[in-house]
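Tertiary structure, described
This is what each chain is made of:
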Amino acid sequence: SSGINAEYGQIVRTRFSEIINRRGMTTMSTGKAIADHLTAWNNGTLQGTHISMAVPSNGEYGVPTGVFFSFPVKVSYTGKISVETGLELDDFTKDMIAQSYQELKAEADEALELVRQH
């Protein structure tokens, strides 16, 4: 089981670059993501569903407050976005969230260091 989880984690971390390598970056995939977000903002999400959207954290799922992170969100018909907090996460998913946060933090720290050097 842990071998499968490790392999899955690697797939999740590299999926975007793999898609680009196989198909090339297309404006269609970017356009589709934009259209999905605009549709949710304009119409809301369907009852009982959510979409992934990068929003500032209020501490959900162990992500520190103020960090922009991709969360499952519901959008009301008025455009109000709220993080779906009722989802049960297994240990593997919790670890993947923590690892993603650490990767984002490392990238941010590296960028800040580059700014300080110049």
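For clarity, every value in this text was computed on a predicted model and none was experimentally measured. (Residues numbered from 1 in each chain as written. Predicted model: local features only at pLDDT ≥ 70, side-chain atom pairs only at ≥ 80, totals over all residues. Heavy atoms only, no water.)

**A short note on the overall build of the chain**
The secondary structure content of the chain amounts to 3 helices and 3 strands. Burial statistics for the chain: of 118 residues in total, 17% are counted as buried. Contacts in the chain between residues far apart in sequence, at least 24 positions, make up 41% of those at least 6 positions apart. Accessible surface, the chain as shown: approximately 8,900 Å² in total, 57% of it carbon and sulfur. (Helix = DSSP H or I, 4+ residues; strand = E, 2+ residues; numbered from the N terminus. Buried < 20%, exposed > 50% of the residue type's maximum accessible area, 1.4 Å probe, protein only. Contact = heavy atoms within 4.5 Å. Areas by Shrake-Rupley, 256 points an atom, 1.4 Å probe, with all protein chains shown as cover.)

**What about the packing of aromatic side chains?**
Here the structure, examined in full by the defined rule, presents 2 aromatic pairs. Consider the rings of Phe 69 and Phe 71, whose centres lie 5.4 Å apart with planes at 50°: the pair is tilted. Each member of the pair, Phe 69 as well as Phe 71, carries the same accessibility label: buried. Taken together through their ring pairs, the aromatic side chains of Tyr 61, Phe 69 and Phe 71 make up a single cluster. (Phe/Tyr/Trp six-rings, centres within 6.5 Å; stacked < 30°, edge-to-face > 60°.)

**Some thoughts on the sheet that holds strand β1 (residues 51-56)**
Here we have 3 strands laid out as an open sheet, ordered β1-β2-β3, and antiparallel in their pairing. This sheet does not close on itself; its edge strands, each paired only once, are β1 and β3 (81-83). Mean inter-strand twist for the sheet, computed between neighbouring axes without regard to direction, equals 60°. Bridge count between strand β2 (residues 68-75) and β3: 3 bridges; the pairing is antiparallel. Residue pairing for β3: Val 75 is matched across the bridge by Ile 81. (Pairing = 2+ DSSP bridges. Axes fitted to C-alpha atoms, helices over the stretch in contact; angles between N-to-C directions.)

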